[in-house]
Amino acid sequence: MKIGIPKDGRFGEFGGKYIPETLAPAIEELEKNYLKIRNDKNFKKELGRLLIDYAGRPTPIYFARNLTKTIGGAKIYLKREDLLHGGAHKINNTLGQALLAKRMGKKRIIAETGAGQHGVATAMACASLGLKAEIYMGYVDTLRQKQNVYRMELLGAKVHAVKSGSKTLKDAINEAMRDWITNVETTYYLLGSAVGPHPYPLMVRDFQAVIGVEIKKQMKKIPNAVIACVGGGSNAIGTFYPLIDTNARIIGIEAGGKGVKTKLHSAPLSAGKKGVLHGMMTYLMQDKDGQISETHSISAGLDYPGVGPEHAYLKDENRVEYKAVTDDEVIDAFLILTRTEGIIPALESAHAIAHAIKISKKMKKTESIVVTLSGRGDKDIDIVKEYLAKNVKNKRKI
Amino acid sequence: MSRIKEKFNQLKLKKETALISYIMAGYPSEKATLAAVRGLIQGGSDIIELGFPFSDPIADGPTIQMASTESLNSGTKIENFFSIVKKIRKESNIPLVLMTYTNILYNQTYLKFISRAKQAGIDGLILPDMAIEESKEYVKAAKKIGMDTIFLVSPNTEKVRLKQIIKSTSGFLYMVAVFGTTGVQTKIHKYTLDALKNTKIAAKGKIPVGIGFGVSTERDVQKYVSSGADAVIVGSANIKIIENTPTNKVQTRIATFTKKLKNRTR
């Protein structure tokens, strides 16, 4: 079930490379170069050094004593990716890919971003490695994640607000791909999630797998359950991949928005259908004609109608359970973690926390759950504030 | 013999280059689409490429993106598209090509979609995000039904790959003129003309080579015709005319523009 290098770029039937012909040579070049450096000792050494000295790895595993006590079930541990430079797991991947780009002699880097975390991590990696970064971000997201826009600009990146389509992450990817088609010979596209045409899902998973590898080392024994949030699914696949061949129960949490039975969610694995978008075959939210649906999530980082092909595969193989939690549950979890542990999680990560709270109650006190806390929540405080102002029910908790 | 092949055979006898004209179905309305089709036929277009909008058209520039969005907003569904095709078929035998994105077919399964398209009167398909590596099932279904599969090649497509693509192509081969999306206004590059020459050599006269993306003026048409293209494909320029023309004048204006372009192919 554990797939190393996917044959023909496919995880089972998922993945592939559905791309305009102009990109074919670039994808081929990328694949060739990536497979070469994948086992290159010098590359690994250089990246390993950067991850330690620059990004702040390894990140701790923290036993959330107070949270565990408050819920009263299994022990909840947090994998603290929120403590990384930039405040999220994204830097694991951007350092890897930016180093690769540099080796390939590409000096202009483009990237898409949803919440802005990948954009910030790209801008940081590029600043530190002397590369030029241009970031595409949906116009709606530039408004709800203003702080990250300014951070990217401070770091020397150019931010393009994308006003086509639904003006969110999906459209930012469309625009980045159009840029790549136009400037294919000079430009490296640094994709931020485990999505897109092969070899991106493989590459992003490899660079993020450091999360799961460290979890395995840091936990005395294999945890009973691991949980991570899934948008495109990069922190989740990084968490899950090294644990696939263990006994751990593995759970991915999608953005349930206002509920998966409404249309206002971003949960293609829970309520989508197979299709082709952004170069990959995977589960997608779409209508009867195959038009991609508009999505909703309180967290910009999960607001995406597709999901990485390896997740689609792991779902169909029944190795990973995929569930969704609603915006309301996310805000609850956000508040509970903040108050009990003094840790403000990103709204994306709060999805995983919300589900951990749900299942830990039903588990034994001797059992353990590891939750990947993929990012910190400073970027989200305005959204939470606004939400609480509108929802009196939750206000009591403050 | 397919309508497309027959058309190219006829043009060859007349020593003419084909003018292929693209418009977006349902933009801004079904009525305007039918008017534009009549204008294209009246102006002498040889093959009509009808776009069916997709929510995420990554190979398209701003003009066709806008037309896609507007068409979807006006409520264009696949049923409407096939109904437009059937209406055109009642009036004309002109070869009709559908240009859309892979997911639209994948959603219904290739076989089911292609047989519906064939039944409506479509002769060939163009899917800009269908890479040759992923096309086995699609080509198989199209062959079974007798639908032409028009693949795209780019100026940077390498020789071996070009051969593979030509093998799976029927109707004509679509050469993308520029690095970029549809509708980019640009001068004609030397790399494009070199690539056209190489593509023609690889095609060995067995499959016509059409050139598109950024082809919009009489001068562009003339230049590509004299450089040996078997077809020139004009898209965004038509959309721009439709954008700026009231529906009751679409037919005449499109006919006038098309006639001018067609004159350069003779």
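Please refer to the structure placed before this passage.
Everything in this summary refers to the structure shown in the same document. Here the structure is a predicted model, which means the values were calculated and not measured.

Observations regarding the overall build of chain A
In terms of regular secondary structure, chain A is built from 17 helices and 14 strands. The globule rule puts the C-alpha radius of gyration for 398 residues at 21 Å, and the 19 Å found for chain A is close to it. Dimensions of chain A, computed from the C-alpha atoms along their principal axes, are close to 55 × 45 × 40 Å. Here chain A holds 398 residues, and 65% of them are scored as buried. For chain A, the accessible surface area stands at approximately 14700 Å², while carbon and sulfur atoms represent 52% of it.

Remarks on the pairing of strand S6 (residues 132-138) of chain A
Residue and element names in this part refer to chain A. Within S6, six of the seven residues are buried, which leaves the element mostly enclosed by the surrounding structure. Judged from the six bridges that link them, strand S5 (residues 108-113) and S6 form a sheet pairing that is parallel. Bridging across to S6, Ile-110 finds its partner in Glu-134. Remark: the S5/helix H5 (residues 117-129)/S6 crossover connection has right-handed handedness.

Some words on the sheet that holds S6(A)
Remark on secondary structure: sheet strands pair via backbone hydrogen bonds, oriented parallel or antiparallel. Residues and elements named next belong to chain A. Spatial ordering of the open sheet is given by S7-S6-S5-S8, a layout of four strands whose pairing is parallel. Lying at the two open borders of the sheet, with one neighbouring strand each, are strand S7 (158-162) and strand S8 (187-189). Strand-to-strand twist in this sheet, taken as the mean axis angle between neighbours without regard to direction, amounts to 25 degrees. Sheet topology places S6 next to S7; five bridges connect them, and they run parallel. Among the inter-strand pairings, Ile-135 is bridged to a residue of S7, identified as Val-159. The strands that H5 touches are S5 and S6; relative to S5, the one it contacts most, it runs at about 160 degrees.

What about the interface of chain A and chain B?
Contact with chain A, which involves 37 residues of that partner, is made by 38 residues of chain B. With both sides pooled, the region where chain A packs onto chain B buries about 2900 Å², and carbon together with sulfur makes up 47% of that total. Summed over the shared surface of chain A and chain B, the number is three salt bridges. Between Glu21(A) and Arg161(B) there is a salt bridge, with its nearest N and O atoms 2.7 Å apart. Taken together, chain A and chain B are joined by 21 residue pairs in polar contact (both at pLDDT 80 or more). For the side of chain A that touches chain B, the elements supplying multiple residues, two or more each, are helix H1 (24-38), helix H8 (169-182), strand S11 (273-277) and strand S12 (280-284) of chain A. With eight residues, the top contributor of residues to the side of chain A that touches chain B is H8(A). Tallied by class, the residues present in the side of chain A that touches chain B amount to 13 nonpolar, nine polar and 15 charged.

Section: the environment of Ala255(B)
Residues and elements named next belong to chain B. Along the chain, Ala-255 turns up in helix H12 (residues 247-263). With 219 residues separating them in the primary sequence, Ala-255 and Ala-36 have C-alpha atoms 8.0 Å apart. In this structure, Ala-255 is in contact with Gly-39, Gln-42 and Gly-43, ignoring residues within four places of it in sequence.

Details of the pairing of strand S14 (residues 368-373) of chain A
All names here are of chain A. Along S14, six of the six residues are buried, which leaves the element largely enclosed by surrounding structure. Here S14 shows no split at all, with Ser-368, Val-370 and Thr-372 on one side and Ile-369, Val-371 and Leu-373 on the other all buried. For strand S4 (residues 75-80) and S14, the ladder comprises six bridges, and the chain directions are parallel. For Lys-75, the partnering residue across the bridge sits in S14 and is Ser-368.

Considerations on helix H14 (residues 327-341) of chain A
Residues and elements named next belong to chain A. The end-to-end C-alpha separation of H14 is 21 Å, in line with the 21 Å expected for 15 residues at 1.5 Å each. Within the sequence span of H14, burial applies to Asp-327, Val-330, Ile-331, Ala-333, Phe-334, Leu-335, Leu-337, Thr-340 and Glu-341. One or two steps after H14, the chain reaches Gly-342, where phi turns positive at roughly 70 degrees.

Each value, and the rule that gives it
- Residues numbered from 1 in each chain as written.
- Chains lettered and ligands numbered in written order.
- Predicted model: local features only at pLDDT ≥ 70, side-chain atom pairs only at ≥ 80, totals over all residues.
- Heavy atoms only, no water.
- Helix = DSSP H or I, 4+ residues; strand = E, 2+ residues; numbered from the N terminus.
- Rg over C-alpha atoms; globule rule 2.2 N^0.38 Å.
- Buried < 20%, exposed > 50% of the residue type's maximum accessible area, 1.4 Å probe, protein only.
- Areas by Shrake-Rupley, 256 points an atom, 1.4 Å probe, with all protein chains shown as cover.
- Pairing = 2+ DSSP bridges.
- Right-handed = clockwise from strand over helix to strand, strands pointing away.
- Axes fitted to C-alpha atoms, helices over the stretch in contact; angles between N-to-C directions.
- Contact = heavy atoms within 4.5 Å.
- Buried area = accessible area lost by both parts, 1.4 Å probe.
- Salt bridge = Lys/Arg side-chain N within 4 Å of Asp/Glu carboxyl O.
- Polar contact = N/O pair within 3.5 Å; in protein donor to acceptor, adjacent residues only side chain to side chain.
- Nonpolar A, V, L, I, M, F, W, Y, C, P; charged D, E, K, R; others polar.
- Expected span 1.5 Å × (residues − 1).

Any functional reading would require information beyond the geometric quantities listed.
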